[in-house]
Amino acid sequence: MVQTEALARAAQAAPFLQIQHIVKKFDDVFAVDDVSLDIAQGEIFALLGSSGCGKSTLLRMLAGFELPTSGQILLAGQDIVGLAPYERPINMMFQSYALFPHLTVWENVAFGLKRDGMPKDQIEERVTQMLDLVQLKQYAKRKPHQLSGGQQQRVALARSLAKRPKLLLLDEPLGALDAKLRQRTQLELVDIIERVGVTCVMVTHDQEEAMTMATRIGVMSEGKILQIGKPAEIYETPNCLFVADFIGTVNIFKGAVEVDEADHVIIGSADCKHYVSHGITGTQGMDVHVAVRPEKMSIQSGPVSDAQRERAAEVGFNLARGVITELAYLGSLTTYHVKLASGLVVKVTHTNDARHGSSSLTWGDAVYVWWSGSDLVVLTR
Amino acid sequence: MYRFVQHYFGLAWMALVFLFLYLPLLFMVVFSFNSSRQDAVFTGFSLRWYEALGRDTKIVEGFWLSLQIALATGVLSAVLGTFAAFVLVRYQRFTGRTVFSGMVNAPLVMPEVVIGLSLLLLMVGIQNVFGWPERGLLTIILGHTLLGMAYAMVVVQSRLLEVDRSIEEAAMDLGARPAQVFFLVTLPNIAQAIVAGFLLSFTLSFDDVVISEFLSGPGVNTLPQVIFGYARRGINPTIYAAATLLISVITIAVIAYSVQVARQGRRRAQEAQQAQQTFSDLL
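Residues numbered from 1 in each chain as written. Chains lettered and ligands numbered in written order. Predicted model: local features only at pLDDT ≥ 70, side-chain atom pairs only at ≥ 80, totals over all residues. Heavy atoms only, no water.

1. Points about the nonpolar core
Stated formally: Definition of nonpolar core: a set of buried residues of the types Ala, Val, Leu, Ile, Met, Phe, Trp, Tyr and Cys, connected through side-chain atoms within 4.5 Å. A 1.4 Å probe rolled over the protein chains alone gives each residue an accessible area, and that area as a share of the maximum for its type sets the label: buried under 20%, exposed over 50%, partly exposed in between. The helix and strand labels rest on DSSP assignments: H or I over at least four residues marks a helix, E over at least two residues marks a strand, and numbering proceeds from the N terminus. We call two residues contacting when some pair of their heavy atoms lies within 4.5 Å.
One finds A:Leu17, A:Leu58, A:Phe100, A:Leu169 and A:Val201 to be the most contacted residues of the largest nonpolar core, which totals 54 residues. Broken down by element, the residue count for this core peaks at six residues, all from helix H3 (residues 57–90) of chain B. Non-local contacts of A:Phe100, meaning those with residues more than four positions away in its chain, are made with A:Asn108, A:Phe111, A:Pro144, A:Arg159, B:Ile167, B:Ala170, B:Ala171, B:Leu174 and B:Val185. Within the second largest apolar cluster, 49 residues are counted, among which are A:Val134, A:Ala140, A:Leu177 and A:Leu181.

Rendered as structure tokens:
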């Protein structure tokens with residue numbers, strides 16, 4: 001017991017995977033620009049960003065296919081930068097799955113084990129176990145082209161887990177599947193990874209995929225990691241304009257700080273004054289952006305009553321008038337596009353929680369849009 | 001009226017082209033069964049020229065020589081062509097890549113006479129200095145390989161470009177060393193193209209006469225050279241018989257190969273479709 005405690009302490013002291021000041025230059029372009037990142041054992045970490053942001057290059061450096069220009073990668077305390085891909089205790093599931101077309105499912109899964117010179121009976125046992133895990137036992141003798149996309153994806157997963165790697169890399173794991181299959185597979189994949197208990201770094205451009213699967217997300221842009229956090233943190237408290245805009249839908253107001261108190265801030269913008277019910281790290285007069293998520297805004301045709309406002313103690317703030325220019329009825333919710341006096345169009349989503357509820361609003365209606373001071377995010381960069 | 005003309009004009013034109021291409025061959029095949037030496041009159045059916053073929057030692061020796069040369073050329077071309085293609089496709093940057101790529105492709109556009117002549121000069125020079133190699137089997141193989149390799153490389157190169165690069169990375173990721181990656185993953189996936197490259201250079205070598213003419217020594221004559229020599233001294237129906245046999249062998253081989261490839265392709269497509277079908281049934 002003492003030993004496990006010591007191990008646990010050691011694990012806390014030094015994270016399982018440490019990426020330290022990694023830089024990768026292709027000619028004179030920085031693909032990855034001084035990225036540092038700590039990942040704990042058992043985590044599923046997602047690198048999220050649009051194409052060309054450097055996330056794939058970072059993943060390929062972890063696998064060993066690219067050599068960093070400078071920086072260190074430590075896995076369980078050992079520097080792995082100098083190791084060739086075939087020497088690293090890391091396995092990767094490729095975006096295209098990269099199954100060997102000339103080998104059967106069984107041989108595909110056994111490929112890595114044979115390279116390690118594992119005894120035959122143990123290979124037999126491990127492959128069976130892996131195919132059980134992904135429920136493809138009856139397909140063992142098939143060639144990859146005889147499988148559907150979803151089955152191929154599971155073979156690829158089984159193959160990358162077969163060697164019991166210390167670190168599993170997933171490159172756009174569900175990118176090649178169609179939308180319907182994707183949702184189901186996301187949870188299946190997480191379930192399998194958690195059952196195996198392997199630490200996992202995945203790369204994706206699909207925020208929904210990252211939110212669903214990952215314990216933590218790193219948002220990347222232009223070779224840099226902008227924010228690292230749990231999915232809810234990334235969504236609810238983005239630390240910069242890019243992250244706020246990249247994740248989900250958001251309404252951005254440009255403004256300047258008018259009152260800067262410890263417990264609240266007032267920000268003036270073209271359409272209204274924003275009351276923010278928490279302090280910010282900014283100074284008076286500073287230009288900032290105010291971000292509000294569409295689902296945190298309310299919309300109604302009549303004026304907002306004082307009773308409604310007083311609950312938030314923000315009378316006179318966070319209220320704007322406008323005209324509905326677009327509306328999209330999506331079944332469970334309706335999205336309204338409301339054009340404010342300054343010309344800014346804000347999106348407001350309204351949950352259709354009653355069958356014949358307030359959805360009487362329609363194109364051209366003059367409406368009030370309001371939101372609470374605790375739902376605002378002030379972005380200073 | 002217009003469509004009628006268009007339809008039949010098309011057909012007639014096609015017939016004309018086929019006639020132009022294959023009438024000489026047909027003529028030759030028919031006259032290989034002629035019972036007399038006559039060139040222009042078919043006097044009756046016989047197999048006498050086929051019998052004469054077996055007794056003609058020059059033709060028989062030429063055939064075996066050509067077969068040896070073609071086999072050696074095929075193997076050498078396929079191996080060297082594969083290496084060259086691999087380097088050109090997998091290594092995008094190395095010093096002299098452009099020059100290398102140009103040089104490997106050069107024999108494709110260079111007149112054969114020029115290749116033959118320059119090789120002859122080179123071989124004579126080497127022989128003067130080192131006393132080796134004697135012109136004959138070896139020099140012809142070298143000459144043919146120069147040409148065959150370029151063709152084999154083009155075939156293998158186009159296949160290599162199709163092979164998903166990530167399967168090689170996946171193999172390496174799973175612990176295969178570079179040599180293992182090549183032999184266990186790359187090679188099985190380009191094998192068909194290598195075989196095609198072998199067949200192509202084999203046929204090129206088997207019917208080549210120009211390079212052979214420059215590089216053969218005294219008493220060494222490939223089958224095309226023998227036929228060429230006969231033709232110069234007046235046509236002998238034995239040659240017709242020899243050529244007819246060659247055509248049938250090559251035709252049968254080509255048809256068998258194409259049928260095999262087509263059947264494989266069809267089966268693959270069918271299986272892939274079935275997989276998709278059963279899966280969507282499950283959903």
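That was the structure; now back to the text.
2. What about the pairing of strand E18 (residues 345–351) of chain A?
Note the cut-off: One requirement defines pairing of two strands: DSSP has to find at least two bridges between them.
For strand E17 (residues 333–340) of chain A and E18(A), the ladder comprises seven bridges, and the chain directions are antiparallel. Counterpart to A:Thr334 in the pairing with E18(A) is A:His350.

3. A look at the packing of helix H4 (residues 97–109) of chain B against helix H6 (residues 137–162) of chain B
All names here are of chain B. Quick note on the threshold: Comment: axis = line fitted to C-alpha atoms, over the contacting stretch for helices; angle = value between 0 and 180 degrees taken between N-to-C directions. The labels follow the angle: roughly parallel below 35 degrees, roughly antiparallel above 145, roughly perpendicular from 65 to 115, and oblique for the rest. Gly counts as polar in this scheme, as do all residues outside two lists: the nonpolar Ala, Val, Leu, Ile, Met, Phe, Trp, Tyr, Cys and Pro, and the charged Asp, Glu, Lys and Arg.
Where H4 contacts H6, the two axes come as close as 8 Å, and the packing angle between them is 110°. As the angle between them shows, H4 and H6 are arranged roughly perpendicular. Along its contact with H4, which presents Val 104, Asn 105, Pro 107 and Leu 108, the element H6 presents Leu 146, Leu 147, Met 149, Ala 150, Tyr 151, Met 153 and Val 154. Looking at the contact of H4 with H6 residue by residue, the classes come out as ten nonpolar, one polar and no charged.

4. Quick notes on the packing of aromatic side chains
Residue and element names in this part refer to chain B. What counts is decided by this rule: Two rings belonging to Phe, Tyr or Trp (six-membered ring only in the last case) form a pair when the distance between their centres is within 6.5 Å. Interplanar angles under 30 degrees mark stacking, angles over 60 mark edge-to-face geometry, and anything in between is tilted.
Throughout the structure, instances matching the rule amount to 18 aromatic pairs over all chains. Centroid distance Phe 31 to Phe 42: 6.0 Å. Interplanar angle 85°. Geometry classified as edge-to-face. In this pair, Phe 31 is assigned in helix H1 (residues 2–32) and Phe 42 in the loop between H1 and helix H2 (48–55), connecting sequence segments eleven residues apart. Judged by relative accessible area, which is 6%, Phe 31 ranks as buried. With a centroid separation of 5.2 Å and 15° between ring planes, the pair formed by Phe 33 and Phe 45 is classed as stacked. Placement of Phe 33 in the loop between H1 and H2 and of Phe 45 in the loop between H1 and H2 is noted, with a sequence separation of twelve residues between them.

On their own, these measurements won't tell you what the molecule is for.
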